[in-house]
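What follows is each chain in one-letter form.
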Amino acid sequence: ANLEISRTLSGERRGSLLSAIDRTVTAGGQRLLSERLAGPSTDARVIETRLDAVGFLLDDPTLRRRLREALAAVPDMLRPLGRLGLQRGGPRDLGAIRAGLVAARDLGTVLGAVGILPDELARAHEALAAAPSDLSELLEAALVDDLPFGRRDGGFVRAGWSIPLDEARELSADSRRTIARLEADYVVETGIKSLKIRHNNVLGFFVDTTPAHAEKLTAPPHLERFVHRQTLANAVRFSTVELADLEARSASAGERALAIEGEIFETLAGRVLAAEAPIRAAAEALAVLDVASGFAEIADAEGWVRPIVDESLAFRIEGGRHPVVEQALRAGAGEPFVANDCDLGPRAGEADGRLTIVTGPNMGGKSTYLRQNALIVLLAQVGAFVPARAARIGIVDKLFSRVGAADDLARGRSTFMVEMVETAAILNQAGPRALVILDEIGRGTATFDGLSIAWASVEHLNATNRSRALFATHYHELTQLSKTLPRVKNLTMRVADHKG
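Residues numbered from 1 in each chain as written. Predicted model: local features only at pLDDT ≥ 70, side-chain atom pairs only at ≥ 80, totals over all residues. Heavy atoms only, no water.

Novice: Before we go on, may I ask you to explain the packing of aromatic side chains in this structure?
Specialist: Geometrically, a pair of aromatic rings is defined through the distance of the ring centres and the angle of the planes. In the structure shown here, the tally under the stated rule is two aromatic pairs. Judged by centre distance (6.1 Å) and plane angle (80°), the ring pair of Phe 156 and Phe 265 falls under edge-to-face. Taken together, the residues Phe 156 in the loop between α8 (133-142) and α9 (163-190) and Phe 265 in helix α11 (residues 241-274) connect sequence positions 109 residues apart. Its relative accessible area of 2% is what places Phe 265 among the buried residues. (Phe/Tyr/Trp six-rings, centres within 6.5 Å; stacked < 30°, edge-to-face > 60°. Helix = DSSP H or I, 4+ residues; strand = E, 2+ residues; numbered from the N terminus. Buried < 20%, exposed > 50% of the residue type's maximum accessible area, 1.4 Å probe, protein only.)

Novice: Can you help me understand the sheet that holds strand β8 (residues 355-359) in this one?
Specialist: Within a beta sheet, neighbouring strands are joined by backbone hydrogen bonds and run either parallel or antiparallel to one another. Spatial strand order, β10-β11-β12-β8-β13: five strands in an open sheet with parallel pairing. Single-partner strands in this sheet number two, and they are β10 (399-402) and β13 (488-492). Direction aside, the axes of adjacent strands within the sheet are offset by 15° on average. Inspection of the sheet shows β8 paired to β13 by five bridges, in the parallel sense. When the sheet's bridge partners are listed, Thr 356 is paired in β13 with Lys 489. The strands touched by helix α15 (residues 415-429) are β10 and β11 (435-439); relative to β10, the strand with the most contacts, the crossing angle is about 155°. (Pairing = 2+ DSSP bridges. Axes fitted to C-alpha atoms, helices over the stretch in contact; angles between N-to-C directions. Contact = heavy atoms within 4.5 Å.)

Novice: Hey, could you run me through the pattern of salt bridges in this one?
Specialist: When charged atoms on two side chains of opposite charge get close, those side chains can pair. Per the counting criterion, the structure on display carries 32 salt bridges. Across the pair Arg 316 and Asp 343 runs a salt bridge whose closest N-O atoms are separated by 3.5 Å. Linking Arg 316 in strand β6 (residues 315-320) with Asp 343 in strand β7 (residues 340-343), this pair joins segments that are 27 residues apart in sequence. You can call Arg 316 partly exposed: its relative accessible area is 35%. Looking at Asp 343, the relative accessible area reads 22%, which means it is partly exposed. Of the charged contacts, one joins Arg 402 and Glu 419 as a salt bridge, the two residues approaching to 4.0 Å between their closest N and O atoms. With Arg 402 in strand β10 and Glu 419 in helix α15, the pair connects residues that are 17 residues apart, well separated along the chain. Given a relative accessible area of 3%, Arg 402 falls into the buried group. Taking relative accessible area as the criterion, Glu 419 reaches 2% and is therefore assigned buried. The network of salt bridges with common partners includes Arg 64, Arg 68, Glu 297 and Asp 300. (Salt bridge = Lys/Arg side-chain N within 4 Å of Asp/Glu carboxyl O.)

Novice: Which parts of the structure should I look at to understand unusual backbone geometry?
Specialist: What is expected of a backbone is that most residues other than glycine have negative phi and most peptide bonds are trans. Residue Pro 220 is joined to Pro 221 through a cis peptide bond whose omega torsion reads 5°. On the secondary structure map, Pro 221 appears in the loop between α10 (211-217) and β3 (227-231). Phi at Gln 87 is positive, roughly 60°, even though this residue is not glycine. Mapped onto the elements, Gln 87 comes out in the loop between α5 (78-85) and α6 (91-112). Even without glycine at this site, Met 363 takes up a positive phi of about 60°. Examined against the element boundaries, Met 363 turns out to sit in the loop between β8 and α14 (366-382).

Novice: So what exactly am I meant to see when it comes to the pairing of β8 here?
Specialist: In terms of burial, β8 is a largely internal element, five of the five residues being buried. Of the two faces of β8, both are covered, the one formed by Leu 355, Ile 357 and Thr 359 as well as the one formed by Thr 356 and Val 358. In the sheet, β8 pairs with strand β12 (residues 468-472) via four bridges, with the strands oriented parallel. By the bridge assignment, Val 358 is partnered in β12 with Ala 472.

Novice: Would you mind going over the sheet that holds β3 with me for this structure?
Specialist: Taken in spatial order, the four strands of this open sheet run β1-β2-β4-β3, and their pairing is antiparallel. Whereas interior strands pair on both sides, the edge strands pair on one side only; in this sheet they are β1 (196-200) and β3. Averaged over all adjacent pairs, the angle separating strand axes in this sheet is 40°, with direction ignored. Sitting on the sheet, α9 is in contact with β1 and β2 (204-209), with an inclination near 135° to β1.

Novice: Even after reading the chapter, I still don't get helix α13 (residues 323-331), so can you show me in this structure?
Specialist: For α13, every residue scored as buried is listed here: Pro 323, Val 324, Glu 326 and Gln 327. Projected down its long axis, α13 carries its buried residues within an arc of 165°, all on one side. Close packing links the buried residues of α13 with α1 (17-21), α12 (276-302) and α14. (Arc of directions from axis to C-beta.)

Novice: Explain the pairing of β12 here, please?
Specialist: Along any regular strand, the residues point their side chains to alternate faces of the sheet. Of all the five residues making up β12, five are buried; the element is thus mostly covered by neighbouring parts of the structure. Judged by which residues are buried, β12 turns out to be covered on both faces: Arg 468, Leu 470 and Ala 472 on one side and Ala 469 and Phe 471 on the other are all buried. The pairing of β11 with β12 spans five bridges and is classified as parallel. Along β12, the bridge assignment pairs Val 436 with Ala 469.

Novice: Can you help me understand the packing of α5 against α6 in this one?
Specialist: Helix-helix packing is characterised by the crossing angle of the two axes and by the distance between the axes. Contact geometry of α5 with α6 gives a least axis separation of 9 Å together with a crossing angle of 135°. Overall, the two elements α5 and α6 adopt an arrangement that is oblique. Considering how the two elements wind past one another, α5 and α6 form a crossing that is left-handed. Mapping the contact onto sequence places Pro 80, Leu 81, Arg 83 and Leu 84 in α5 and Asp 93, Leu 94, Ala 96 and Ile 97 in α6. For the contact of α5 with α6, a count of residues per class yields six nonpolar, no polar and two charged. (Parallel < 35°, antiparallel > 145°, perpendicular 65-115°, else oblique. Left-handed = near helix turned anticlockwise from the far one by under 90°. Nonpolar A, V, L, I, M, F, W, Y, C, P; charged D, E, K, R; others polar.)

So, to be careful, I would describe these as geometric facts and stop short of saying anything about function.
Structure representation (structure tokens):
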């Protein structure tokens, strides 16, 4: 929440890290991106595999463009698959599986023509190649192009797929032709040009005429032919033996057609569910391609670089930038973001990383500096390129951030209490591989109490946690700690005075 990864502190998606880096074009890609941001990898080999895929697509813009154009038309296959599994699916869910399998086949062909692929893309290609092509051909042959929403609507099976269904549909269509012929015969027989044959769920098929003409049908020679059924203010309705027979045949044909389509739907859904594993694997492969090509796209557009991620405790970022603030500055005033270095790695002869105390005025950029370095770590371990000139990051196993001021009144916690609970959690859990960013610890209480808390926190982080840490403060007294604690160093924000 403090790093505003998926939502800003006000609860909006816009302005979050996810919003700033999301270049995915599929629902599955968007889900995978959110999952990776919520759970970055701590395995250097996994991270390297992801970075290889991004780098490959960055270096081949033609392939990247072809992949993204094809992915943009890919429907979500996992949710339709879930609905079919719960027996809540409809024809459009089968249509989504059909379109997804066709796209998987096409994208597999594109990747197959490339040659040697990095591991992540090679695995995606294997999953796409294993997608059941016979099932996609079956669905293409069985289903019409423009599918209805519900099964009970009918009309989703292609003509020619099922002979019994075609016969039932023909009988239903023949009923419509018979109605038109009967209506014309009744008009000639009675001489009533406004006579119509209509249908509703209560009467079925009926002859509809105006009250002025109704007397003709209730008198010889039509008295026995037309049976009175209903009188309304503006219409009188009659039935005939022919219409009753037609009703029985038409209803039977329509119900039979729907029943046959229902059986075909169940058969097709069963075939889909039998192939659930390869379909799911293909859907996940499409999401991987989407995320990797999206990362390559933003790296190309924003000038991001590939980080070196290893098992050391190194932490050196050159020319690092905040991915969200940089975009906001460009979109607003068109200003460039002032890039900054960050070095928290161990110095020669030392085993642990460094703790840096950052001072400077309000609105000087301290919080931005803290957050940007945490976000660069997050992006690197998700498997994305990062907004910097260069970056080398030893795996971070825990990322702690205590920034911002907020109370939690529903639980009876003041702003100061929330700050203390969060700080205690960090001091109890952070280890040498952790990255800790702390912003103005101790500001929620009296000056000397706050200074004491901040001082003790720095000493504990230095002696016990031994984490790589950034500690922003207005307590300039803390800068004295660098004289007695070798791991602690000081940084300050440079400020320019201009016209007062």
